[in-house]
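Report on the structure
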Amino acid sequence: METVEDVLIPETVATAKAAFLLSCPVCHLLVRRPPEASTGLFGRCPRCGETLHLRKPNSIARTWALIIAALIFYIPANLIPITTVTSLGSVQTDTIMSGVIYFIATGMWPIALIIFTASIFIPVLKLLILSFLVISVQRHSGWRPKDRTRLYRIVETIGRWSMVDVFVVTILVALVHLGALANVEPRSGVIYFAAVVLLTMFAAMGFDPRLIWDVKEPEDECEYFPGT
Amino acid sequence: MKNEHLIACHDCDLLHRVSEIPDGMSAYCCRCGALLAQSKRNSVERTLALALAGLFLLILANSFPFLGFKIQGQSRHVLLLTGIRRFYISGMPWLALLVLFTTFIAPLLQILLLMYVLLPLYLGVKFPGMFVLFRWVQKLGSWSMMEVFMVGVLVSIVKLAKMAQIIPDVALFCFMALIFVLAACMASLDPHQIWKQWKTY
Ligand SMILES: [Zn+2]
Ligand SMILES: [Zn+2]
């Protein structure tokens, strides 16, 4: 496989795809591809071993499937309790939302806000943004590609923060385990919730932001600048 | 021109000719604004030192209790692994695995693989599979969630504060230090510089 460090590309700005190059998704190595083949297998990156694709495979279908799966799991994740708290004979079950309400009721606004943002707002926001991006790509939209790419980067970065609630349950069940005096048991809601977080993370990883740009030709006024 | 090379933008596929980037500078995509490459001073030495510190902290943080819980004279001190074990016992092995992976295995692997890649670069020797393993350092990044775990610790402390007495234990401070060390380690890493060595190996 021929790797490309420096190659003569047309004077006008071009994409790697148009220049018949494959860009390794991990190490950014450029590899020349046969001009006739635009899809299919191109083997592995000679430098880091990652599988090479022109675009992430089945990006649209895969992202849709993961979005829908995450939506389905989102329902039990919010309905089924995540913990059961036993304290001196009284038993109380908590869902994600009741945890938020508890913090609001006791006046702990910052914590309520953290939990609400991480567990409810971010998963919904991620699913909405990803659906919007996939639909816009399916409709060959040319609308504000730079802003849509920015939205994708946000989705990619914030996803991990939804795990906060899973970690809270981990710590609670570890600490509060003193028999009849005080005890916290994990409930299956936390599994569904973890599944939502995982599925949305995989959905974001499966989407290829380059599809946003594939509909348009690179603009001539674009000039590169090394360093800022 | 010499020292110029070609990079395709990760997010929009546009090709860029990037010349040698001065230390501490970054190159961004002119079309979508994505970071193309960054150049960092003493990257290898600094990242290696921080990775070593991170390894010690990670081991310490998981060897000692990080929180204590005291109610009516009874108390309990727990490790991070205690919670994972309780998930496992409660019939949630996959959840146990997920938490174990994101808070322990992923950061540990990341540190170990990073050392395996950086040590030979520092010494100027070659280890087998360096570049293939460096790929995993990059891919593990999104699964290492120490800082998210720390927010979980804070929320838990506030949540339990009304119910009982919460005692911060030694390992908690190791966790806090670990987060800063890991963040500094990843910030000082210059992947571009490491990938560039491939030709000379
Ligand atoms: Zn590669
Ligand atoms: Zn770009």
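The preceding data block contains the structure.
One structure accompanies this document, and this report is about it. Predicted model only: the values in this text are computed from it and were never measured.

In an α-helix, one turn spans 3.6 residues, which is why side chains three or four residues apart end up on the same side. Residues and elements named next belong to chain B. The end-to-end C-alpha separation of helix α3 (residues 93–123) is 42 Å, in line with the 45 Å expected for 31 residues at 1.5 Å each. Most pronounced at Phe101, the bend in α3 amounts to some 50°. Count one or two residues on from α3 and you reach Gly124, which has phi positive near 75°.

Further remarks concern helix α5 (residues 146–160) of chain B. The end-to-end C-alpha distance of α5(B) is 21 Å, a good match for the 21 Å that 15 residues give at a rise of 1.5 Å each. Of the positions making up α5(B), those classed as buried are Met146(B), Val148(B), Phe149(B), Met150(B), Gly152(B), Val153(B), Val155(B), Ser156(B), Lys159(B) and Leu160(B).

Further remarks concern the nonpolar core. Counting residues in each nonpolar core, the largest one holds 102 residues, and the members touching the most others are Phe66(B), Phe69(B), Phe149(B) and Phe175(B). Leaving out residues up to four positions away in the same chain, Phe149(B) has contacts with Phe167(A), Ile171(A), Phe66(B), Leu80(B), Thr103(B) and Phe175(B). Ranked by size, the runner-up nonpolar core spans 31 residues in total, among them Leu66(A), Val137(A), Ile7(B) and Ala27(B).

A few words on the coordination of the zinc ion (ligand 2). Residue and element names in this part refer to chain B. Listed as protein donors to the zinc ion (ligand 2) are Cys9 (SG), Cys12 (SG), Cys29 (SG) and Cys32 (SG); their distances from the metal cover 2.2 to 2.4 Å. Around the zinc ion (ligand 2), the 4 donor atoms sit at angles spanning 101 to 113°, and that spread fits a shape best called tetrahedral. For the zinc ion (ligand 2), the single-chain donor residues occur in sequence as C-x2-C-x16-C-x2-C. Linking Cys9 in the loop between β1 (5–8) and β2 (15–18) with Cys29 in the loop between β3 (26–28) and β4 (35–38), this pair joins segments that are 20 residues apart in sequence. Overall, the relative accessible area of 1% leaves Cys9 in the buried class.

Definitions and limits used
Within each chain, residue numbers correspond to sequence positions counted from 1 in written order. By the order in which they are written, chains take letters starting at A while ligands take numbers starting at 1. Reporting of local features is limited, given that this is a predicted model, to residues whose pLDDT is at least 70; pairs of side-chain atoms are given and counted only at 80 or more, and all residues count toward the totals for whole chains, interfaces and linings. Side-chain measures were taken over the full set of non-hydrogen atoms in the model, leaving aside hydrogen atoms and water. Only DSSP runs of H or I covering at least 4 residues are called helices, and only runs of E covering at least 2 are called strands; the numbering of each starts at the N terminus. Multiplying one less than the number of residues by 1.5 Å gives the expected span of a helix. For a residue, the bend is simply the angle between two axes, fitted respectively to the seven-residue segment ending there and the seven-residue segment starting there. With a 1.4 Å probe rolled over the protein chains alone, any residue whose accessible area is under 20% of its type maximum counts as buried; one over 50% counts as exposed, and the rest are partly exposed. Side-chain atoms within 4.5 Å link the members of a nonpolar core, which is a set of buried Ala, Val, Leu, Ile, Met, Phe, Trp, Tyr and Cys residues. By definition in these notes, contact holds between two residues if any of their heavy atoms fall within 4.5 Å. Coordinating N, O and S atoms are those within 2.8 Å of the metal (3.2 Å for Na, K and Ca), and as water is not part of the atoms, a site may appear to have fewer donors than expected. Irregular is the default label, applied whenever a site is not tetrahedral (four donors, all angles between 85 and 135 degrees) and neither square planar nor octahedral (four or six donors, opposite donors over 155 degrees apart, all other angles between 65 and 115).

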